[in-house]
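Chains, contacts and geometry: an overview
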Protein chains: 2
Amino acid sequence: MAVDKGYMSGSSQLLVLSVLKEKPCYGYELIKTLKNQSNNVFDMQEGTLYPILHKLENEGLVCSSKQEVAGRTRKVYSVTDKGLKVLEKEKEEWKEFSSAVNQVLAFGSM
Amino acid sequence: MAVDKGYMSGSSQLLVLSVLKEKPCYGYELIKTLKNQSNNVFDMQEGTLYPILHKLENEGLVCSSKQEVAGRTRKVYSVTDKGLKVLEKEKEEWKEFSSAVNQVLAFGSM
DNA sequence: TATTATACCTAGTAATACTAGGTATGTCAA
DNA sequence: TTGACATACCTAGTATTACTAGGTATAATA
């Protein structure tokens, strides 16, 4: 990551769900999309992403379908209805969390 | 925490430094201050805070002095010059990180 | 033909915060 | 007075998370 990796904790799943909501895609593609949408701030590693996708599918938050394209197998992931609900909840939590951090930082600048 | 604990990763040190910059305080007090300044969002556990303070002191980012008040021993922590520099750097990283998350979330809402 | 890009995967490691305890004193109500 | 709660410190072990560093395989390109 361009930013300290510690900040990623907890938000990776949120980011993955958000990208997949905008457009279903396969893992390799998702990494590039995430990088583009974040102005190169997020450079998620494959070793980070694939386990997340498997976990999300296990929990029924995303589903996948295999595609054969030019001799390559791709697993295209989409967000399920359940996943959309979780995404909305996590977005709320993110807002609450980031607002709280900003508030504490504001105190520290007085 | 009021928010999913995962989000805390990486930002706890930033929050602790920010609180101490505003006002030097001892551990037990810091937890209450952090809770107040965040509108009860951050309810940091002692088992989380004390190791962080020890690590920060080890790295020279804070320093402590013992105080005896009403039969109790308090260790009052202050941010060092080195700590202030690290705090500023971490604030920048936080801004970059949170902006990037918000940008990705905005894409997911289009 | 060798390198790079594509596309998937996992085992082991490091970092972080939490749980769940422990010690000890002061205060306040039953 | 005694038992509960708040104050104030601490640590060992655990869980979660993301990363490192590999592995497999095909297609394109230099």
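Summarised in this report is the structure supplied together with it. (Residues numbered from 1 in each chain as written. Chains lettered and ligands numbered in written order. Predicted model: local features only at pLDDT ≥ 70, side-chain atom pairs only at ≥ 80, totals over all residues. Heavy atoms only, no water.)

**Describing the overall build of chain A**
How we decide: Secondary structure elements are defined from DSSP: runs of H or I of at least 4 residues count as helices, runs of E of at least 2 residues count as strands, and each element is numbered from the N terminus. Working rule for contacts: check all heavy atoms of both residues, and any pair within 4.5 Å makes them a contact. Areas reported as accessible are Shrake-Rupley estimates using a 1.4 Å probe. Residue values count occlusion only from the protein chains shown. Neither His nor the chain termini are counted; the positive set is Lys and Arg, and the negative set is Asp and Glu. Note on charges: their place is set at NZ of Lys, CZ of Arg, CG of Asp or CD of Glu.
The helix and strand tally for chain A stands at four helices and three strands. The order of α-helices and β-strands along chain A, N terminus first, is α-β-α-α-β-β-α. The contacts of chain A with a sequence gap of at least 6 include a subset with a gap of at least 24, amounting to 47%. Of the roughly 5700 Å² of accessible surface on chain A, 49% is carried by carbon and sulfur atoms. The averaged location of the 14 negative side-chain charges in chain A is 4 Å from the averaged location of its 15 positive side-chain charges.

**Notes on the interface of chain B and chain A**
What counts is decided by this rule: Buried area: the sum, over both parts, of the accessible surface (1.4 Å probe) that disappears when the two are put together. By salt bridge we mean one thing: a side-chain nitrogen of Lys or Arg within 4 Å of a carboxyl oxygen of Asp or Glu. Identification of polar contacts relies on pairs of N or O atoms within 3.5 Å, with a donor-acceptor requirement for protein atoms, meaning one able to donate a hydrogen and the other able to accept it, and with residues adjacent in sequence counted only if both atoms are side-chain atoms. Under the grouping applied here, Gly and all other residues not named as nonpolar or charged are polar, the nonpolar ones being Ala, Val, Leu, Ile, Met, Phe, Trp, Tyr, Cys and Pro and the charged ones Asp, Glu, Lys and Arg.
Taken residue by residue, the interface counts 37 residues in chain B and 38 residues in chain A. When chain B packs against chain A, the two sides together hide about 3500 Å² of surface, and 66% of this comes from carbon and sulfur. On inspection of chain B and its partner chain A, the count reaches zero salt bridges. Linking chain B with chain A are 11 residue pairs in polar contact (both at pLDDT 80 or more). Of all elements in the fold, only α1 (12–22), α2 (27–37) and α4 (81–107) of chain B reach the threshold of two or more residues within the side of chain B that touches chain A. When residues of the side of chain B that touches chain A are assigned to their parent elements, the largest contribution, 14 residues, is made by α4(B). For the side of chain B that touches chain A, the residue count by class is 17 nonpolar, 13 polar and seven charged.

**Comments concerning the protein's contact with DNA strand C**
Which entries qualify depends on this criterion: Near, as used in this document, describes a residue that has one of its heavy atoms within 4 Å of the molecule or strand being considered.
Within the structure, DNA strand C sits among 26 residues, and A:Y28, A:E46, A:R74, B:T48 and B:R72 are positioned closest to it. Here a phosphate oxygen of DNA strand C and a backbone polar atom of A:G27 are 3.3 Å apart. Side-chain polar atom of A:K32 to a phosphate oxygen of DNA strand C: 3.1 Å apart, as the coordinates give it. Looking at the surface near DNA strand C, the elements with two or more residues in it are α2 (27–37), α3 (46–58) and β3 (72–79) of chain A together with α3 (46–58) of chain B. Ranked by residue count, the leading element in the surface near DNA strand C is α3(A), at five residues.

**Overview of the sheet that holds strand β2 (residues 62–69) of chain B**
Put simply, the rule reads: Two strands qualify as a pair provided that DSSP identifies no fewer than 2 bridges between them.
Strand order in the open sheet formed by three strands is β1-β3-β2 (chain B), with antiparallel pairing between adjacent strands. Among the strands making up the open sheet, the edge pair consists of β1 (25–26) and β2 of chain B.

**Brief notes about the relation of the copies chain B and chain A**
What counts, and what does not: We superpose the copies by least squares over the C-alpha atoms of residues that have a pLDDT of at least 70 in both of them.
Relative to chain A, chain B is turned by 180° and slid 0.0 Å along the rotation axis, the superposed coordinates differing by an RMSD of 0.1 Å. Between the two chains, the operation in question is that of a two-fold axis.

**With respect to the sheet that holds strand β2 (residues 62–69) of chain A**
All names here are of chain A. Short version of the rule: All axes are obtained by fitting lines to C-alpha atoms, using only the stretch in contact for helices, and the reported angles, taken between N-to-C directions, cover 0 to 180 degrees.
The three strands lie next to each other as β1-β3-β2, forming an open sheet whose pairing is antiparallel. A single partner strand is all that each edge strand has here, and the edge strands are β1 (25–26) and β2. Strand direction decides the pairing type here: β1 and β3, joined by two bridges, are antiparallel. The residue of β3 that forms the bridge with C25 is Y77. α3 rests against β2 and β3 of the sheet, and its axis sits at about 125° to β2.

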